[in-house]
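Remarks on the overall topology
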Amino acid sequence: MTLDALVIGGGPAGLMAAEQIARAGYRVQLAEAKPTLARKFLMAGKSGLNLTKLEPDFTAAYRDDWIAGYVDAFGPGAVQNFARGLGIELFTGSTGRVFPVGMKASPMLRAWIGRLVGLGVEIRTRWRWSGFAGDDFLFDTPQGQVSLRPRVTVLALGGASWPRLGSDAAWVPWLADKSVQIAPFRPANMGFAVNWSPHMQRHFGTPVKGAALITDGGVTRGEFVISARGIEGGGIYAVSAEVRDGSPLALDLAPDLGADQITERLARLPAKDSLTNRLRKALHFDALRIALLNEWGRPLPQDPAALAALIKSLPVRHAGPRPIAEAISSAGGIARAALSPDLELRALSGVFAAGEMLDWEAPTGGYLLTACLATGHHAGLAAARHLAT
């Protein structure tokens, strides 16, 4: 069977690519392995669906400079216009993050699917790509194996995080066999494992607020959560790539006070007071802060200046990143060198790629979804141009 364009993967990047090709007047078939589209997108929507972020230098957040050009061409403004075009009302939070007023992904996805169907896009769910047979793309479908040879193809199969939602990286060996260069996948925006002592169990599920995280790259303020598995949450995700790549991690448990101020406050209290009481009275430390200090700082120094130094830089003893299957996103994938500026695979003419399949990395906060939409938009337009020539 032949057709104009095949898009493999029904997440935001794939849907965006399919729309651009269909708008150019070509017949598009979109194949998705799962029974429904955009499952990771819907999962993201459970926490509010952060679409993008408004800030002066949005692309500075991306660890890979090469992706910035695509995001510059389809950035926060374009993402907002796209969502509004689907009838989605938006609001901007105090940190610049942009959300749907309804704080859900499902209304946007329903409207988007409706628009794609109206443009003539043929959506095939439960169609799992199973590799190549020569130049043909093979699919396992409810009707049996199907072979397709489209004029152009856009691959948007996701990275390696959240495999139960569809991003299982099963495609890696098939593309590698076609001489496509692929960087190994690594977890990104993930938590870190900690082998807690028993006294920490009562704090599982409790957020650490008002602390700062210290890495080789600097000091970051952000909330995170103590869990049975370790440490996770927005503050940790913001520094996770740096720590994964070898930076030590420490906590400043009193970032609004200098070491001299802490020393003076501790020294004022009678030495007969227990250390726990001195921390409570002098610094207003809660039980969790005191527990963390005991967990990672024992034996605690009695000298006020030494204790102040420890409070300002408490080493975090972790056991490395949590598994990639638990990560919000992944680093690695199709290498930049394997792609033309149009996101066409150099080894496979007429085959383009977009989204988290590509080797780029960004923190949470709207950056991930924006880049998926941007690369899907670019790949779709490029595929349409390829069809035209």
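Within an unreviewed UniProt entry, the label attached to the protein chain reads TIGR03862 family flavoprotein, and the organism entered is Rhodobacter flavimaris. As recorded by UniProt, the Cofactor (unreviewed entry) comment attached to the protein chain reads in full: "FAD".

For the protein chain, the count of helices and strands is 12 helices and 21 strands. A principal-axis box enclosing the C-alpha atoms of the protein chain has dimensions of 85 × 40 × 35 Å. Evaluated residue by residue, the protein chain yields a buried proportion of 53% over its 389 residues. Taking the contacts inside the protein chain whose residues are at least 6 apart along the sequence as the reference set, 70% of them involve residues at least 24 apart. When the accessible surface of the protein chain is split by element, carbon and sulfur atoms take 51% of a total near 16500 Å².

Right, let's talk about the packing of aromatic side chains for a bit. All chains considered together, the criterion is met by 14 aromatic pairs. Centre to centre, the rings of Trp 129 and Trp 174 are 5.0 Å apart; their planes meet at 70°, and the pair counts as edge-to-face. With a gap of 45 residues between them, Trp 129 in strand 7 (residues 128-133) and Trp 174 in helix 6 (residues 172-176) connect regions that are remote in the sequence. A relative accessible area of 23% means that Trp 174 is categorised as partly exposed. Among the aromatic residues, those joined into a cluster by ring pairs are Phe 58, Tyr 62, Trp 360 and Tyr 367.

Next up on the list: the UniProt feature "domain: RsdA/BaiN/AoA(So)-like Rossmann fold-like" (unreviewed entry) in the protein chain. Following the UniProt record, the feature "domain: RsdA/BaiN/AoA(So)-like Rossmann fold-like" (unreviewed entry) maps to residues 4-380 here. Spanning residues 4-380, this segment combines 31% helix with 22% strand, and its end C-alpha atoms are found 12 Å apart.

Among the nonpolar cores identified, the biggest contains 81 residues, and Leu 155, Leu 175, Ile 334, Leu 345 and Trp 360 are the most heavily contacted of them. In terms of residue count, the dominant contributor to this core is helix 12 (residues 367-388) (12 residues). Here Ile 334 is in contact with Trp 171, Leu 175, Val 180, Gln 181, Ile 182, Leu 339, Leu 345, Ala 353, Met 357, Leu 358 and Asp 359, once residues within four sequence places are set aside. Core analysis: the next-biggest nonpolar cluster, separate from the first, contains 40 residues, Val 208, Leu 213, Phe 224 and Ile 262 among them.

For the rest of this paragraph, the subject is the pairing of strand 10 (residues 152-155). Working note: regular strand, side chains alternate between the two faces of the sheet. Along strand 10, one buried face is formed by Val 152 and Val 154 and the opposite face, lined by Thr 153 and Leu 155, is buried too. As paired elements, strand 1 (residues 5-8) and strand 10 share 4 bridges and run parallel to each other. When the bridges of strand 10 are listed, Leu 6 appears paired with Thr 153.

The next point concerns a nonpolar patch on the surface. A surface patch of nonpolar side chains, about 230 Å² in accessible area, is lined by Phe 91, Val 101 and Met 103. Checked against the element boundaries, Phe 91 lands in strand 4 (residues 90-92). Phe 91 sits in the partly exposed class, given a relative accessible area of 33%.

Mapped onto the present numbering, the UniProt feature "domain: RsdA/BaiN/AoA(So)-like insert" (unreviewed entry) falls on residues 186-329. Between the end C-alpha atoms of residues 186-329 the distance is 9 Å, and the span holds 35% helix and 19% strand.

Each value, and the rule that gives it
- Residues numbered from 1 in each chain as written.
- Predicted model: local features only at pLDDT ≥ 70, side-chain atom pairs only at ≥ 80, totals over all residues.
- Heavy atoms only, no water.
- UniProt positions renumbered as here; feature names shortened; annotations may be inferred.
- Helix = DSSP H or I, 4+ residues; strand = E, 2+ residues; numbered from the N terminus.
- Buried < 20%, exposed > 50% of the residue type's maximum accessible area, 1.4 Å probe, protein only.
- Contact = heavy atoms within 4.5 Å.
- Areas by Shrake-Rupley, 256 points an atom, 1.4 Å probe, with all protein chains shown as cover.
- Phe/Tyr/Trp six-rings, centres within 6.5 Å; stacked < 30°, edge-to-face > 60°.
- Core = buried A, V, L, I, M, F, W, Y, C linked by side-chain atoms within 4.5 Å.
- Pairing = 2+ DSSP bridges.
- Patch = residues over 30% accessible without salt bridge, like charges linked within 9 Å, V, L, I, M, F, W, Y side chains within 5 Å.
- Salt bridge = Lys/Arg side-chain N within 4 Å of Asp/Glu carboxyl O.

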